Number of protein chains: 2
Amino acid sequence: MTKYEQISNEMRKRIKEGTYSIDHPIPDELSLAKEFGCSRMTIKRALDILVMEGLLYRKRGHGTFIVKSGIQGNQVNVVDKENLGLTGLLKHKKITSKIIQFDVLFPSEEVAAQLSIDSNTPVYHIIRLRNVEGEPFVIEETFMPTNVIGGINEEVLHSSIYQHISQTLGLTIGGAHRKIRADKPNELDQEYLDCAPDDPILEVEQVAYLNTGIPFEYSFSRHRYDKFVFTTVNIRR
Amino acid sequence: MTKYEQISNEMRKRIKEGTYSIDHPIPDELSLAKEFGCSRMTIKRALDILVMEGLLYRKRGHGTFIVKSGIQGNQVNVVDKENLGLTGLLKHKKITSKIIQFDVLFPSEEVAAQLSIDSNTPVYHIIRLRNVEGEPFVIEETFMPTNVIGGINEEVLHSSIYQHISQTLGLTIGGAHRKIRADKPNELDQEYLDCAPDDPILEVEQVAYLNTGIPFEYSFSRHRYDKFVFTTVNIRR
DNA sequence: CAGTGGTCTAGACCACTAC
DNA sequence: TAGTGGTCTAGACCACTGT
């Protein structure tokens, strides 16, 4: 844990606990530097994190203030929490997976383009039904290049692909591009998600990247409309 | 324009133009500091921007590399481009607005909570149908505190509220929290969006904030499912 | 070992705001 | 004028990597 992270955590705690008045600026950076026994740059960096989290804002010439609406709500680190896969998102919930399809094939033109591979590179093709607490939740169709990921088997598919990537393969997930849309249910949705012909579907199309910028996943997640909300936090810099 | 911004821009240009080999690290930070006649910290800060944009990635002990998929695609500053309102998102398209409802009322408990105001503060209540190129696109229901925004009239509603906020009122938009879900169409949707009873709706619920952290808008945007895709870019730090 | 990026310092000057 | 945050410097040491 770096010093600026420690200070950042301590300041977050103080802000949430109400240590500082909400109508006045928090102590200035030089004072905090003296208190924490560090340089002003380190304080600045620690506070930068809280500004990015939406907990503080700065006014040049005035000081640094607490964002009133930022205190309530316990969404600590919301900004970074996003691309962790279903298993990461829903801890403390019981997730089971049913493998509907699992094969290796040559990618279509579209899939090859999204994964930045040529059509001779085989890809895993996986369709899974994910149940949360025993209830059908989402159907995920996933394409992954075999030469980037590798080692996928039924055991992995029954637990978490993301865990396999980060822990077994030692790769770091870098980010994702997503498209979110509403759609009518297809036959697969109606069969496995147990939804009526007029129940909408929330589809998330995603290309996920390693921190090297190499795409490792192209997927479509089709959610029951009554059980899933996609949440984003956007903070201007 | 600060020095680190200038350097960041110059480096972005070089990367896109192919000045540096894509298979080797770009020059190390000390060399760049010498070339640009600045300290290493300033170089680091300039490169931080490009890392956040997904154009570069770092490997401790190795160097700094170009993200291959980051070169193609001209999505400069994608990350910041998001919350600009419909008018900002769809430039070059002809947008017209039909005002379905426009009044001032005392907020419900839910609306007051989202806007962090008490129930005695009046809010604008606006329902607009937005047409793109003459076709119905989205119904927006918006609540805004009169004491934060002010000066809303029919003329503003027919053009762009966001423009009014930033240009006329001189306020800066800071960020937004959004929830995206699929839903069945209600009567208003069917009437104005011209959709069938089994056409899904993509709803975006949003609380938008000024850079001071004060919420200024709580809104629900209900889109035709065949005309709108919500896109996000997520880059891990 | 040398070379890379990650963190941190102690201080400087500037831009903006209030008094 | 005094006080704030914004930027920048010229170094330092550490953590990690490959040879």
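These numbers were taken from a predicted model, which means no experiment stands behind them.

*Asks:* Is there a simple way to explain the domain arrangement of chain A in this structure?
*Replies:* When the parts come together, some accessible area is lost, and that loss is often what is quoted as the size of the interface. Split by domain assignment, chain A resolves into domain 1 (3–72) and domain 2 (85–224). On a C-alpha basis, the centroid separation for the pair domain 1 of chain A and domain 2 of chain A is 39 Å.

*Asks:* Explanation requested: the protein's contact with DNA strand D in the structure shown.
*Replies:* Lining the immediate surroundings of DNA strand D are 24 residues, of which Lys-3, Tyr-4, Thr-42, Arg-45 and His-62 of chain B lie closest. Per the 4 Å cut-off to the protein, sugar and phosphate atoms form 70% of the nearby atoms of DNA strand D. Separating a phosphate oxygen of DNA strand D from a side-chain N or O atom of Asp-28 of chain A is a distance of 3.1 Å. At 3.1 Å from a phosphate oxygen of DNA strand D is found a main-chain nitrogen or oxygen belonging to Glu-29 of chain A. No other element matches the four residues that helix 3 (residues 40–52) of chain B contributes to the surface near DNA strand D.

*Asks:* I'm lost on the protein's contact with DNA strand C in this one. Help?
*Replies:* All names here are of chain A. In the vicinity of DNA strand C there are 24 residues, among which Lys-3, Tyr-4, Thr-42, Arg-45 and His-62 approach most closely. Backbone atoms, meaning sugar and phosphate, form 68% of the atoms of DNA strand C found within 4 Å of the protein. The contact in question runs from a phosphate oxygen of DNA strand C to an N or O atom on the side chain of Tyr-4, over 2.8 Å. Note that a phosphate oxygen of DNA strand C is positioned 2.6 Å from one of the side-chain N or O atoms of Arg-45. By residue number, the principal contributor to the surface near DNA strand C is helix 3 (residues 40–52), which donates four residues. Considering only residue class, the surface near DNA strand C consists of four nonpolar, ten polar and ten charged.

Calculation criteria
Counting of residues starts from 1 at the beginning of each chain's written sequence and follows it residue by residue. Throughout, the order in which chains and ligands are written sets their labels, letters from A for the former and numbers from 1 for the latter. Per-residue local features are limited, in this predicted model, to residues with pLDDT of at least 70; the limit for side-chain atom pairs, both in listing and counting, is 80 or more; totals at the level of whole chains, interfaces and linings are taken over all residues. As a convention, hydrogens and water are excluded, and side-chain values are obtained from all of the structure's heavy atoms. Domain start and stop points were drawn from an automatic or database domain assignment. By convention in this text, a residue qualifies as near a molecule or strand provided that one of its non-hydrogen atoms is within 4 Å of it. We define a polar contact as two N or O atoms separated by no more than 3.5 Å, with the added condition that, inside protein, one atom must be a possible hydrogen donor and the other a possible acceptor, whereas residues neighbouring each other in sequence contribute only through side-chain atom pairs. By definition, any uninterrupted DSSP run of H or I lasting at least four residues is a helix, any uninterrupted run of E lasting at least two residues is a strand, and each is numbered from the N terminus. When residue character is reported, Ala, Val, Leu, Ile, Met, Phe, Trp, Tyr, Cys and Pro are called nonpolar, Asp, Glu, Lys and Arg charged, and the others, Gly included, polar.

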